[in-house]
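As a plain string of letters, each chain reads:
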Amino acid sequence: MCESCGGEIVCDGNTAATSCPFCGNPVVMTGQLAGELKPDYVIPFKLDKKAAKEALKKHYEGKRLLPKVFRDENHIDEVKGVYVPFWLFDASADVNMRYKATKVRTWSDSKYDYTETRFFSVTRGGSLGFEKIPVDASTKMPDDLMDSLEPFDLSKMEKFQTAYLAGYLADKYDVDSKKSAKRANSRIRKSTQKTFDATVKGYTTVIKENGSIRLKNRKVKYVLFPVWILNTSWNGQNYLFAMNGQTGKMVGDLPVDKAAYQKWLFGLTGAIGGVIYAILCLIWLL
């Protein structure tokens with residue numbers, strides 16, 4: 001019940017902050033953010049609703065395959081500032097990798113062409129430390145959309161206080177840290193693999209033979225990140241966009257003008273064909 005007007009507030013079991021539908025008074029469900037459910041940190045909103053709307057307009061700019069009517073007729077149905085629950089993971093990775101590599105050298109004399117191939121077994125080992133790997137902890141938010149909003153400036157995190165939630169929506173987490181750790185570990189493994197692969201340089205070919213990445217999860221923190229959610233509609237379809245409420249980064253899917261795409265594809269194919277034709281003509285002349 002709203003303490004301001006007495007109106008009944010209906011929300012789902014994960015809602016931690018909302019506003020009264022009758023008087024607009026901010027409402028915080030303190031029980032949803034107490035004890036183990038209390039976040040450790042929060043990144044406050046830096047950008048307002050007006051900035052979110054302007055960012056969406058700029059998001060349309062330069063998109064050559066975007067239907068023109070979408071720019072003119074797309075309607076913003078809802079704009080809401082949401083504190084999205086995230087887990088931040090610290091971890092370490094102990095790594096051992098083995099690669100097969102070759103070095104190829106070619107040369108010629110007046111009679112023959114020569115090719116020398118040398119084979120190598122390359123090993124790499126070491127440890128990497130990771131801090132504050134973010135994973136969203138809400139099933140309401142599409143994972144790919146939340147991942148695309150990164151990075152957040154984690155140096156601007158503040159100790160959590162409910163006062164930060166006033167005027168915004170907020171949910172408590174509904175994906176616990178153990179389940180979220182799987183996504184964090186997957187990101188860590190990919191980053192670790194890429195880092196070690198990049199150290200194998202100076203060879204003609206490199207093939208990964210085998211390897212192991214052993215992870216040790218250490219600390220985990222519960223944080224609320226600021227996100228503007230924009231629901232729009234056009235031509236009978238809904239489009240979801242999200243903006244990083246700290247940096248202004250905007251993400252979301254846009255429709256494609258099929259006619260413009262076909263023209264672009266035809267032009268690209270023609271350009272490539274022209275280059276190939278010019279090369280063939282040059283070879284024939286030689």
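In this text the structure is predicted, and so the values were computed from the model without any measurement. (Residues numbered from 1 in each chain as written. Predicted model: local features only at pLDDT ≥ 70, side-chain atom pairs only at ≥ 80, totals over all residues. Heavy atoms only, no water.)

*Asks:* Sorry if this is basic, but what is going on with the confidence of the model for the protein here?
*Replies:* Low-pLDDT portions of the prediction should not be read for the details of their coordinates. Scored by pLDDT, the protein comes out at a mean of 83, with 77% of its residues at no less than 70. A low-confidence stretch, residues 259-268 stays under pLDDT 50, and its non-local contacts, those more than four residues away or across chains, total 5 contacts. (pLDDT = per-residue confidence, 0-100. Contact = heavy atoms within 4.5 Å.)

*Asks:* Teacher, can you tell me more about the pattern of salt bridges here?
*Replies:* Once their charged atoms are close, side chains differing in charge can pair, the charge on each being opposite to the other. Applying the stated criterion across every chain, the model contains 8 salt bridges. Between Lys-140 and Asp-171 there is a salt bridge whose closest N-O contact spans 2.9 Å. Here Asp-171 lies in strand S7 (residues 169-171) and Lys-140 lies in the loop between strand S5 (113-136) and helix H3 (143-148), a separation of 31 residues in the sequence. Look at Lys-140 and you get partly exposed, because its relative accessible area is 41%. Overall, Asp-171 belongs to the buried group, its relative accessible area being 11%. Across the salt bridge formed by Asp-147 and Arg-183, the nearest N and O atoms sit 3.0 Å from each other. With Asp-147 in helix H3 and Arg-183 in helix H4 (residues 177-197), this residue pair connects regions lying 36 residues apart in the sequence. Assessed through its relative accessible area of 28%, Asp-147 is described here as partly exposed. Arg-183 sits in the partly exposed class, given a relative accessible area of 22%. A single network of salt bridges, built from pairs that share partners, joins Asp-136, Asp-143, Asp-147 and Arg-183. (Salt bridge = Lys/Arg side-chain N within 4 Å of Asp/Glu carboxyl O. Helix = DSSP H or I, 4+ residues; strand = E, 2+ residues; numbered from the N terminus. Buried < 20%, exposed > 50% of the residue type's maximum accessible area, 1.4 Å probe, protein only.)

*Asks:* What is the right way to look at unusual backbone geometry in this model?
*Replies:* As a rule of thumb, non-glycine residues mostly have phi less than zero, and peptide bonds are mostly trans rather than cis. Across the junction of Glu-150 and Pro-151, the peptide omega takes the value 5°, indicating a cis bond. Even without a glycine there, the phi angle at Lys-132 is positive, about 55°. With respect to the element layout, Lys-132 can be found in strand S5. With a phi angle near 55°, Asn-235 is a residue other than glycine that sits in the positive phi range. Counting through the fold element by element, Asn-235 comes out in the loop between strand S8 (205-234) and strand S9 (237-244). Accessibility expressed as a relative area gives 61% for Asn-235, which makes it exposed.

*Asks:* Looking at this structure, how should I read a positive patch on the surface?
*Replies:* Among the surface-exposed residues, Lys-38, Lys-132, Lys-159, Arg-218, Lys-219 and Lys-221 lie close enough to one another that they form a single positively charged patch. If you tally residues by element for the positive patch, the top one is S8, at 3 residues. (Patch = residues over 30% accessible without salt bridge, like charges linked within 9 Å, V, L, I, M, F, W, Y side chains within 5 Å. Areas by Shrake-Rupley, 256 points an atom, 1.4 Å probe, with all protein chains shown as cover. Lys, Arg positive; Asp, Glu negative; His and termini not counted. Charge placed at Lys NZ, Arg CZ, Asp CG, Glu CD.)

*Asks:* When you look at the packing of aromatic side chains in this model, what are you seeing that I'm missing?
*Replies:* Two measures describe an aromatic ring pair: the distance that separates the ring centres and the angle between the ring planes. Taken as a whole and assessed by the stated rule, the structure comprises 15 aromatic pairs. Plain terms: the ring middles of Trp-87 and Tyr-222 are 5.1 Å apart, the flat faces sit at 35° to each other, and that makes the pair tilted. Of this pair, Trp-87 sits in strand S4 (residues 75-108) while Tyr-222 sits in strand S8, placing them 135 residues apart in sequence. Look at Tyr-173 and Tyr-222: their rings are 5.0 Å apart centre to centre, the planes differ by 85°, and that puts the pair in the edge-to-face class. (Phe/Tyr/Trp six-rings, centres within 6.5 Å; stacked < 30°, edge-to-face > 60°.)

*Asks:* Help me out: how do you make sense of H4 in this one?
*Replies:* Structurally, the α-helix is built with 3.6 residues per turn, so residues lying three or four positions apart point the same way. When the terminal C-alpha atoms of H4 are compared, their 29 Å separation across 21 residues agrees well with the 30 Å that a helix rising 1.5 Å per residue should span. Looking only at H4, the buried set comprises Ser-180, Ala-181, Ala-184, Asn-185, Ile-188, Thr-192, Gln-193 and Phe-196. In the core, the buried residues of H4 are packed alongside S4, S5 and S8. (Expected span 1.5 Å × (residues − 1).)

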